Amino acid sequence: MVHHSGSIQSFKQQKGMNISKSEIAKETSLKPSRRSLPCLTQGYAYSKSLSQSTSLFQAAESESQAPTSMTSISPDKGEQVNAEEDKKDSVLKCSFADLSDFCLALGKDKDYLDESEHANYDRSRLIKDFVPKENSESRRRLPKNDMNYIASSGLLFKDGKKRIDYILVYRKSNIQYDKRNTFEKNLRAEGLMLEKEPAVANTDIMFIKIHIPWDTLCKYAERLNIRMPFRKKSYYTDPRSKSTGSVHNYFRRLKKWMSQNPMVLDKSAFPELEESDCYTGPFSRARIHHFIINNKDTFFSNATRSRIVYHMLQHTKYENGISKVGICKLINNGSYIAAFPPHEGAYKSSHPIKTHGPQNNRHLLYERWARWGMWYKHQPLDLIRLYFGEKIGLYFAWLGWYTGMLIPAALVGLCVFFYGIFTMNASQVSQEICKATEVFMCPLCDKNCSLQRLNDSCIYAKVTYLFDNGGTVFFAIFMAIWATVFLEFWKRRRSTLTYTWDLIEWEEEEETLRPQFEAKYYKMERVNPISGKPEPHQPSSDKVSRLLVSISGIFFMISLVITAVFAVVVYRLVVMEQFASFKWNFIKQHWQFATSAAAVCINFVIIMALNLAYEKIAYLLTNLEYPRTESEWENSFALKMFLFQFVNLNSSIFYIAFFLGRFVGHPGNYNKLFNRWRLEECHPSGCLIDLCLQMGVIMFLKQIWNNFMELGYPLIQNWWSRHKIKRGIQDASIPQWENDWNLQPMNIHGLMDEYLEMVLQFGFTTIFVAAFPLAPLLALLNNIIEIRLDAYKFVTQWRRPLPARATDIGIWYGILEGIGILAVITNAFVIAITSDYIPRFVYEYKYGPCARHFDYGENCLKGYVNNSLSFFDLSELGMGKSGYCRYRDYRSPPWSSRPYEFTLQYWHILAARLAFIIVFEHLVFGIKSFIAYLIPDVPKKLYDRIRREKYLVQEMMYEAELEHLQQQRRKSGHPVHHEWP
């Protein structure tokens, strides 16, 4: 084999020597991914050219060391850049310009051939890499990430050369000058460059602009093991895969249709995200010749630069002492009032994006994602991740996945609902109720209620049938299975995203301690087993006692919720007598509906009021526990907020579903609350209509309130801030960082409120879905709005959050699994106890006309309504009336030997209900477990691909290092060996 120099030779050696035919075939079905977005395809610089120019690069970088000598900051004046700094920066700039020209020249050289031309495999097996379009339209669409655009956006220092990576804000009137001065001096000593500039609209506000130079970036990228691109990927096809079978043709047509789907994003609008496919490895300054560096200004993305700067801010001291470290503590003690990365520019442009292209990634996100007109489009998750980081990207990926999975659930729910509409008039139960003109129901209240005909409940019976029909059980089973499929396939989706976003081998760094924890336990120390350094420690006895107090507080708040529900119940008992004698005829005729509707509205107001109190109580209890790190604090706070709001939202629904009308007694012997108020009964058509009303009103009103608080409130606040600026400043140009400062900061809980809202909605969608099959449809419509609302809020109304990394959705996945289990149990009880499915089933096969013999065409539910109503002698009420009235129960008639005792049918129904609950739960849990077993967390193709890439990366690094050593031997005149020395 002919050996060539540079990375071409290493790549060819790897291709010819290390890849067998079986390994090539193994790679056949693996689709290319888009990993490591900084790897651009516009100018592919090979390691040969970089290694030959490394001396030039290192010389320029060595001259730019000691950035502390380049800047000086005074508290009153902006940072002044001296002539020596300009000279060094120009040397560095020229060095990289020469390097770039040198790489382009090599690319045009005839001797510098493509690596695939000398490989020992058939070129027909190589899938052609993506070649970017060179037309003018493509160039216009490309976001302007070069230094010229950054300068035009005002995101540079005053010298017009250094880009702004982070912003610190403080008030001049603040007296913490010594801490700030020490902190800033230490930041400069670490390699950061700072520049101060006062605010335009408020002279008391001072901004500190932070820039991280290239050498400092490289040092901390190596220290943090940040993975960067170093080799373009190649994919291979197997000739056996070219068979044109029916299945292959079907998927080809399906893929072609998907490319024309109007919901799919236009890839030409995202040129930077088109097939930038590279292998990545931990960055190393010693092996910098391995990595693809087209432009030092764009090699590290804005998100990566912000993360590195934030890491430095978090680990820089401001006073002597172990715990006197970090920007968070300085913000807590008031030394600074804010710290945030700047947005990349304005999100709107006076020029159309179709003709002039996007001005920046923020503008592109607004036009292609955050606008309401894009509601039907898929989300640009790669661009979201590039701009906001993996943690926020995973949230929107999960929200989009959840919304997409709601589509089949909403369609099935609609089918069940329409089935009820089409069969409503044919329902035997509804027909018997509507025709019962001579059946009188017993009074539902003691004073102002009179006898009413059963057919007065005709409309309620038909509406109840819409939600309580033959499809109810099927839909409950379907939704339980749907919840499992949703969670299992989300795990597969998450694994694909973590691979695509290069998070497979990412490990979260050791978190710093919370300042409150350090201040409380600074006297008690022990050695951290991970870092090996002494740190404050919380004794086990103290931790257990605080947890017990916190749990007691949780139970107290839950009891407060139960008290609020009890108050609403008392309200219903008091006002139903008033509505029954109301002067308005409509309310008098429909007093039960009026009572339920008024109670629902009052309950919603109580829920919203208690939510505000719960947030403060959750803060208090979480701080009382003194969590060690921020993630522990967030998990503890999120769990409390979920428990509080879940109980608060669902307690009244649980009451209506399982307690309303269950313990009222019977006529002549009603149970009374405090021996004064008679307990409320269900409507003659059942309690399910009350449950549907409660769920529908709360779900609808809460979604409207949440959307207003998420978008309307920040809009009003930002409008007022802009109004104050315009009133105080005339014809002044506000810089980008000051515009960002005037935006609202991201919620202090991070994404907790967003996840909490969706998880509570998931509970509404699954827990009582048997009583309200339209819940998935309402959730789907809300989520379509929620995605664009959150996008608009992140892009336009909030400061840019820190682009944090994450590999999953955290504690919320466990909560979702718990809700899925609770949903199975709850729906079993709703079908068995709340609905009339079991009584109808028992009557049909035990007491109805089909019990002894079955005739085709005969309705087995004939006579069910009459069978489900018991008799009561009106003369026992002392109202001067005679005859009999009917009530819903299974009791003996007054003329029997044991009047008003439960009949045998009552016990049969009770046994059938218990049996149904047991069978339903075991069946559904078995199906859920079987489905979870069948669906692996990681797709098989992705699993094989990850293992394959780990092997290739290791081989490539070894081969590239060997070539580098051989080049050094040639330069020094030593003999060259083709094996490791």
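It should be emphasised that the depicted structure is a prediction, and the values quoted were computed from it without experimental measurement. (Residues numbered from 1 in each chain as written. Predicted model: local features only at pLDDT ≥ 70, side-chain atom pairs only at ≥ 80, totals over all residues. Heavy atoms only, no water.)

A.B. asks: Would you explain the environment of Leu 621 in this entry?
C.D. replies: By the secondary structure assignment, Leu 621 is in helix α24 (residues 591-625). Expressed as a C-alpha distance, the spacing of Leu 621 and Arg 546, which sit 75 residues apart in the sequence, is 8.9 Å. Residue contacts for Leu 621: discarding those within four places in its chain leaves Ser 550, Gly 553, Ile 554, Lys 640 and Phe 644. (Helix = DSSP H or I, 4+ residues; strand = E, 2+ residues; numbered from the N terminus. Contact = heavy atoms within 4.5 Å.)

A.B. asks: Looking at this structure, how should I read the sheet that holds strand β4 (residues 193-198)?
C.D. replies: The strands making up a sheet associate through backbone hydrogen bonding, with each pair oriented either parallel or antiparallel. If you walk across this open sheet you meet the 4 strands as β4-β5-β3-β8, and the pairing is antiparallel. Each having just a single partner strand, β4 and β8 (338-340) make up the two edges of the open sheet. The average angle at which neighbouring strand axes cross in this sheet is 20°, direction not considered. (Pairing = 2+ DSSP bridges. Axes fitted to C-alpha atoms, helices over the stretch in contact; angles between N-to-C directions.)

A.B. asks: Before we go on, may I ask you to explain the state of the cysteines in this structure?
C.D. replies: Working definition of a disulfide: a covalent bond connecting the sulfur atoms of two cysteines. In the structure shown here, the tally under the stated rule is 3 disulfides. Linked covalently through their sulfurs, Cys 442 and Cys 885 form a disulfide whose S-S length is 1.9 Å. Residues Cys 442 and Cys 885 share a disulfide whose torsion about the S-S bond is about 85°; that sign makes it right-handed. Here Cys 442 is found in the loop between β9 (440-441) and β10 (452-453), whereas its partner Cys 885 is found in strand β18 (residues 884-888), with 443 residues between them in sequence. Judged by relative accessible area, Cys 885 falls into the buried class, the value being 0%. The side chain of Cys 850 participates in a disulfide bridge whose partner is Cys 860; the two sulfur atoms lie 2.0 Å from each other. Handedness here is read from the sign of the S-S torsion; for Cys 850 and Cys 860, about -85°, the answer is left-handed. One end of the pair, Cys 850, is in the loop between α31 (837-847) and α32 (864-868); the other, Cys 860, is in the loop between α31 and α32, and 10 residues separate them in sequence. Cys 850 gets classed as buried once you look at its relative accessible area, which sits at 11%. (Disulfide = S-S within 2.5 Å. Buried < 20%, exposed > 50% of the residue type's maximum accessible area, 1.4 Å probe, protein only.)

A.B. asks: Please clarify how the packing of aromatic side chains should be interpreted in this entry.
C.D. replies: Tallying each qualifying case throughout the model produces 58 aromatic pairs. Taking 5.7 Å as the distance between ring centres and 70° as the angle between the ring planes, the aromatic pair formed by Phe 388 and Phe 794 counts as edge-to-face. Remark: Phe 794 occurs in helix α29 (residues 775-797) and Phe 388 occurs in helix α16 (residues 381-388); sequence separation between them is 406 residues. According to the relative accessible area criterion, Phe 388 is buried, its value standing at 0%. Judged by relative accessible area, Phe 794 falls into the buried class, the value being 0%. The cationic tip of Arg 223 hangs over the ring face of Tyr 220; the distance from NZ or CZ to the ring centre is 4.5 Å. A cation sits over an aromatic face here: Arg 800 above Tyr 387, 3.9 Å from the ring centre. (Phe/Tyr/Trp six-rings, centres within 6.5 Å; stacked < 30°, edge-to-face > 60°. Lys NZ or Arg CZ within 6 Å of the ring centre and 35° of its normal.)

A.B. asks: Got a minute to help me understand the side chain of Ser 651 in this structure?
C.D. replies: Tracing the backbone through its elements, the reader meets Ser 651 in helix α25 (residues 630-658). If sequence neighbours within four positions are ignored, Ser 651 has contacts with Val 561 and Val 565.

A.B. asks: Where do I start with helix α8 (residues 177-190) in this structure?
C.D. replies: In an α-helix, one full turn covers 3.6 residues, which means residues spaced three or four apart are oriented alike. If you check α8, its first and last C-alpha atoms are 20 Å apart, about what 14 residues at 1.5 Å a residue would give, namely 20 Å. Buried within α8 are the following residues: Lys 179, Arg 180, Phe 183, Glu 184, Leu 187 and Arg 188. For α8, the angular spread of buried residues about the axis comes to 165°, placing them on one side. Exposed residues pointing more than 90 degrees away from the buried face of α8 are listed as Asp 178 and Ala 189. (Expected span 1.5 Å × (residues − 1). Arc of directions from axis to C-beta.)

A.B. asks: What should I look at first to understand the packing of helix α17 (residues 390-422) against α29 in this one?
C.D. replies: Each pair of packed helices gets described by two things: the angle between the helix axes and the distance between those axes. Contact geometry of α17 with α29 gives a least axis separation of 7 Å together with a crossing angle of 160°. With respect to α29, the element α17 is oriented roughly antiparallel. Where α17 crosses over α29, the two elements pack in a sense that is left-handed. Across the interface between the two elements, Ile 392, Tyr 395, Phe 396, Leu 399, Gly 400, Tyr 402, Thr 403, Leu 406, Ile 407, Ala 409, Ala 410 and Leu 414 from α17 touch Pro 776, Leu 777, Ala 779, Leu 780, Asn 783, Ile 784, Glu 786, Ile 787, Asp 790, Ala 791 and Phe 794 from α29. In terms of residue class, the contact of α17 with α29 is built from 18 nonpolar, 3 polar and 2 charged. (Parallel < 35°, antiparallel > 145°, perpendicular 65-115°, else oblique. Left-handed = near helix turned anticlockwise from the far one by under 90°. Nonpolar A, V, L, I, M, F, W, Y, C, P; charged D, E, K, R; others polar.)

A.B. asks: Even after reading the chapter, I still don't get the pattern of salt bridges, so can you show me in this structure?
C.D. replies: Opposite charge on two side chains makes pairing possible when the charged atoms of those side chains draw close. As enumerated under the stated definition, the model contains 25 salt bridges in all. A salt bridge links Arg 227 to Asp 502, with the shortest nitrogen-to-oxygen separation between them at 3.4 Å. Residue Arg 227 is found in strand β6 (residues 227-232), and its partner Asp 502 is found in the loop between α20 (471-500) and α21 (515-521); the two are separated by 275 residues along the sequence. (Salt bridge = Lys/Arg side-chain N within 4 Å of Asp/Glu carboxyl O.)

A.B. asks: What exactly am I supposed to notice about unusual backbone geometry here?
C.D. replies: Residues other than glycine predominantly adopt negative phi, and peptide bonds predominantly adopt the trans conformation. Despite not being glycine, Asp 502 has its phi angle at roughly 60°, a positive value. At Tyr 900, a position not held by glycine, the phi torsion is positive, near 65°. With respect to the element layout, Tyr 900 can be found in the loop between β18 and α33 (904-934). Accessibility expressed as a relative area gives 10% for Tyr 900, which makes it buried.

A.B. asks: Just checking my understanding: could you explain the environment of Asp 740 for this structure?
C.D. replies: Secondary-structure assignment places Asp 740 in helix α27 (residues 736-742). In sequence terms Asp 740 and Pro 341 are 399 residues apart; their C-alpha atoms lie 9.1 Å from each other. Among all residues touching Asp 740, those that are not within four sequence positions of it are Phe 340, Pro 342, His 343, Arg 362 and Arg 799.

A.B. asks: Quick question: what am I supposed to make of the packing of α20 against helix α28 (residues 752-767) here?
C.D. replies: Running from N to C, α20 and α28 point in directions that differ by 145°, and their axes come no closer than 9 Å. Listed contacts from α28 to Met 479, Trp 482, Ala 483 and Phe 486 of α20 are Phe 762, Thr 765 and Thr 766. Classifying every residue of the contact of α20 with α28 gives 5 nonpolar, 2 polar and no charged.

A.B. asks: Whenever I open this one, a nonpolar patch on the surface confuses me. Can you help?
C.D. replies: Residues Val 544, Leu 547, Leu 548, Ile 551 and Phe 555 make up a contiguous nonpolar surface patch of about 480 Å² in total accessible area. Mapped onto the fold, Phe 555 is located in helix α22 (residues 540-580). (Patch = residues over 30% accessible without salt bridge, like charges linked within 9 Å, V, L, I, M, F, W, Y side chains within 5 Å. Areas by Shrake-Rupley, 256 points an atom, 1.4 Å probe, with all protein chains shown as cover.)

A.B. asks: Hey, could you run me through the pairing of strand β17 (residues 869-873) in this one?
C.D. replies: Each regular strand displays side chains that alternate between the two surfaces of the sheet. Taken across its 5 residues, β17 has 4 buried, putting it largely inside the fold. Taken together, the 5 bridges between β17 and β18 define a ladder with antiparallel strand orientation. Its bridge partner lying in β18, Phe 871 is registered against Arg 886.

A.B. asks: Please clarify how the confidence of the model for the chain should be interpreted in this entry.
C.D. replies: Interpreting fine coordinate detail is not advised for predicted regions of low pLDDT. Here the chain averages 75 in pLDDT, while 74% of its residues score no lower than 70. Taken together, the stretch residues 1-145 has pLDDT below 50 and engages in 278 contacts with residues farther than four places along the chain or on a different chain. Low pLDDT, under 50, characterises residues 236-244; the stretch is placed with 21 contacts to residues that sit more than four places away or in other chains. (pLDDT = per-residue confidence, 0-100.)

A.B. asks: Explain the environment of Gln 694 to me, please; I cannot follow it from the model alone.
C.D. replies: Topologically, Gln 694 is positioned in helix α26 (residues 688-728). Residue classification places Gln 694 among the buried residues on the basis of a relative accessible area of 2%. As for Gln 694 and Ala 657, which are separated by 37 residues in sequence, their C-alpha atoms are 10.0 Å apart. Every residue in contact with Gln 694, bar those within four places of it in the chain, is listed here: Val 600, Asn 603, Ser 652, Ile 653 and Ile 656.

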